[in-house]
Amino acid sequence: MSRVLFFGRLRDQAGMSGHPVPLAVPLGLAEFREQVAGSDSGLLAALSAPVIRVAVNGTVLPRGANPVIRPGDEVAFLPPFSGG
Amino acid sequence: MIRITDRAFDPEAELAAFRHGLRVSGAVVAMTGIVRPESDALLLEHFPGVTEAMIAAFADNLRTEFGLESAMVIHRVGRMLPGEAIVLAAAASVHRKAAIAALDRLMDWLKLEAPFWKLEETGNIRRWIEPGSTDPAGDRVSF
């Protein structure tokens, strides 16, 4: 089992802040996104956009990173930041 | 000192406390970001635990790189109204140039590299603020 988190407009689009994701074997990020989005093609497109960054277990990865997601990982999808 | 809070804060009082804690600095530079009047409200969210840790790590690096005595960030989250402070950032050093340069770097980083997300409410319209859009919380956001 792993867990996905959505922030900002992605949370609005997903309609929730996150949920558990059944995961028995490691997956590439693209496959993980497909599993998260299920039949929601709009959500898949939003998660796959180049501006979306990913954090794995609380570490925000560089843009364009392509991590392997392992069972137990917490994966957050992060729209462009807007602080300050 | 790094703090993320869902409560309104008094930037002048916080800055005075920061200044009183200094021992060797001859310069304190501060920036307060406030909600502009054109939006009805702003909602800010962060990545709890992660945002705090990233700001603390960045501030530590700044202290080393610029030889600061201290750096401070207080950042609001939650719903805030025009005129309220969103962020207070300050840098203190022996001489002014290091503090000015460090604060400029810190604010650029907070705008674009710290995990915050900002939703503007104007009338019935809710709009996520992203780089390239006009930001009611301060400068135009741009890469």
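Keep in mind the model is a prediction, meaning the values are calculated, not measured.

S.K.: I'm lost on the interface of chain B and chain A in this one. Help?
M.R.: One widely used convention gives an interface's size as the accessible area the parts lose upon coming together. If you look at the interface, chain B gives 27 residues, while chain A gives 20 residues. The contact between chain B and chain A buries some 1800 Å² in all, and 56% of this surface belongs to carbon and sulfur atoms. Where chain B meets chain A, there are 5 salt bridges. Residues Arg 126 of chain B and Asp 12 of chain A are paired through a salt bridge, measuring 3.7 Å at the closest nitrogen-oxygen approach. The tally of links between chain B and chain A comes to 12 residue pairs in polar contact (both at pLDDT 80 or more). Contributions of two or more residues to the side of chain B that touches chain A are made by β3 (41–46), α2 (50–66), β6 (85–93), α3 (96–112), β7 (116–122) and β8 (125–129) of chain B. Its residues assigned to classes, the side of chain B that touches chain A shows 18 nonpolar, 2 polar and 7 charged.

S.K.: Looking at this model, I keep getting lost on the sheet that holds strand β1 (residues 2–5) of chain B. Mind explaining?
M.R.: Pairing between the strands of a sheet is mediated by backbone hydrogen bonds and can be parallel or antiparallel. Residue and element names in this part refer to chain B. With mixed pairing, the 4 strands of this open sheet are ordered in space as β1-β4-β6-β2. Across the chains shown, the open sheet's two edge strands, defined by having one partner strand only, are β1 and β2 (27–34). Taken over all neighbouring pairs, the strand axes of this sheet differ in orientation by 5° on average, direction set aside. Where β2 meets β6, 8 bridges bridge the pair, whose relative direction is antiparallel.

S.K.: Sorry if this is basic, but what is going on with the pattern of salt bridges here?
M.R.: Side chains that carry opposite charge are capable of pairing whenever their charged atoms lie near each other. Enumeration over the complete set of coordinates arrives at 11 salt bridges over all chains. The partner of Glu 113 of chain B in a salt bridge is Arg 53 of chain A, and the shortest N-O contact between them spans 2.9 Å. Taken as a pair, Glu 113 of chain B in the loop between α3 and β7 and Arg 53 of chain A in strand β4 (residues 53–56) lie in two separate chains rather than in one. A salt bridge links Glu 65 of chain B to Arg 105 of chain B; its shortest N-O distance comes to 3.0 Å. Of this pair, Glu 65 of chain B sits in helix α2 while Arg 105 of chain B sits in helix α3; the two residues are 40 residues apart in sequence, bridging distant segments of the chain.

S.K.: Got a minute to help me understand the pairing of strand β4 (residues 70–76) of chain B in this structure?
M.R.: A regular strand places its side chains so that they alternate between the two faces of the sheet. Residues and elements named next belong to chain B. In terms of burial, β4 is a largely internal element, 7 of the 7 residues being buried. Neither face of β4 is exposed, since Ser 70, Met 72, Ile 74 and Arg 76 on one face and Ala 71, Val 73 and His 75 on the opposite face are all buried. Relative to β4, β1 runs parallel, the two sharing 4 bridges. Bridge pairing in β4 links Thr 5 to Arg 76.

Parameters at a glance
- Residues numbered from 1 in each chain as written.
- Chains lettered and ligands numbered in written order.
- Predicted model: local features only at pLDDT ≥ 70, side-chain atom pairs only at ≥ 80, totals over all residues.
- Heavy atoms only, no water.
- Contact = heavy atoms within 4.5 Å.
- Buried area = accessible area lost by both parts, 1.4 Å probe.
- Salt bridge = Lys/Arg side-chain N within 4 Å of Asp/Glu carboxyl O.
- Polar contact = N/O pair within 3.5 Å; in protein donor to acceptor, adjacent residues only side chain to side chain.
- Helix = DSSP H or I, 4+ residues; strand = E, 2+ residues; numbered from the N terminus.
- Nonpolar A, V, L, I, M, F, W, Y, C, P; charged D, E, K, R; others polar.
- Pairing = 2+ DSSP bridges.
- Axes fitted to C-alpha atoms, helices over the stretch in contact; angles between N-to-C directions.
- Buried < 20%, exposed > 50% of the residue type's maximum accessible area, 1.4 Å probe, protein only.

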